[in-house]
Amino acid sequence: QVQLVESEGGLVQPGGSLRLSCAISGEDLDLYAYGWFRQAPGKEREGVSCMCREFSHYGDAVKGRFIMSRDSAKTTLYLEMSSLEPGDTAVYYCAAYWNPWSVGGPPPSCTLDRKKYRAWGRGAQVSVSE
């Protein structure tokens, strides 16, 4: 079972940038797909981005502004957020689901469907305000 722990979030002015990180641990980390989600007060949790090997996918609300990456040791996920808007204010979660692959198998892919994800971090508050 993979474990995930987000870094602290923060308060950012509109137009600013912030990077979140998520430490991942456990076995067979390469056989999981990873995602970032967010939940604003009174709203459902929505998918921000996901990654599986070299494939990544972004939600429409953040496309072109957020970038998801992983370090070379593959033990830390990052979410680089830029051009932040008040509408980006939310608790941000990193998450993972079992997504094994094999050489010669289908190309990598991932989903922003939160029901697919089985492991979750505790969340980090990001607030965008003057």
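Okay, so let's go over this structure. The structure presented is a predicted model; accordingly, all values stated were derived computationally and were not measured. (Residues numbered from 1 in each chain as written. Predicted model: local features only at pLDDT ≥ 70, side-chain atom pairs only at ≥ 80, totals over all residues. Heavy atoms only, no water.)

## Description of the overall build of the protein
Piece 1. Within the protein, the regular secondary structure consists of zero helices and 11 strands.
Piece 2. Listing the helices and strands of the protein from first to last along the sequence gives β-β-β-β-β-β-β-β-β-β-β.
Piece 3. Taking 130 residues into account, the globule formula puts the C-alpha radius of gyration at 14 Å, and the protein, at 14 Å, falls close to it.
Piece 4. Its C-alpha atoms put the protein at 50 × 30 × 25 Å along the principal axes.
Piece 5. Considering the protein as a whole, with its 130 residues, one finds that 41% of them fall into the buried category. (Helix = DSSP H or I, 4+ residues; strand = E, 2+ residues; numbered from the N terminus. Rg over C-alpha atoms; globule rule 2.2 N^0.38 Å. Buried < 20%, exposed > 50% of the residue type's maximum accessible area, 1.4 Å probe, protein only.)

## Digging into the pairing of strand β3 (residues 18-25)
Piece 1. Every second residue of β3 is oriented toward a common face, the buried set being L18, L20, C22 and I24 and the non-buried set R19, S21, A23 and S25.
Piece 2. Pairing geometry for strand β1 (residues 3-6) and β3, over four bridges, is antiparallel. Opposite L4, over in β3, you have I24 as the bridge partner.
Piece 3. With six bridges connecting them, β3 and strand β8 (residues 76-81) associate as antiparallel partners. From the neighbouring strand, L20 faces β8, where its bridge partner is L79. (Pairing = 2+ DSSP bridges.)

## Focus on unusual backbone geometry
Piece 1. Backbone geometry at D28 places phi at a positive 55°, although glycine is not the residue there.
Piece 2. With respect to the element layout, D28 can be found in the loop between β3 and β4 (32-39).
Piece 3. Classification of D28 by relative accessible area gives partly exposed; the value is 47%.
Piece 4. If you check the backbone angles, S83 has positive phi at about 50° while not being a glycine.
Piece 5. For S83, a relative accessible area of 42% puts it in the partly exposed group.

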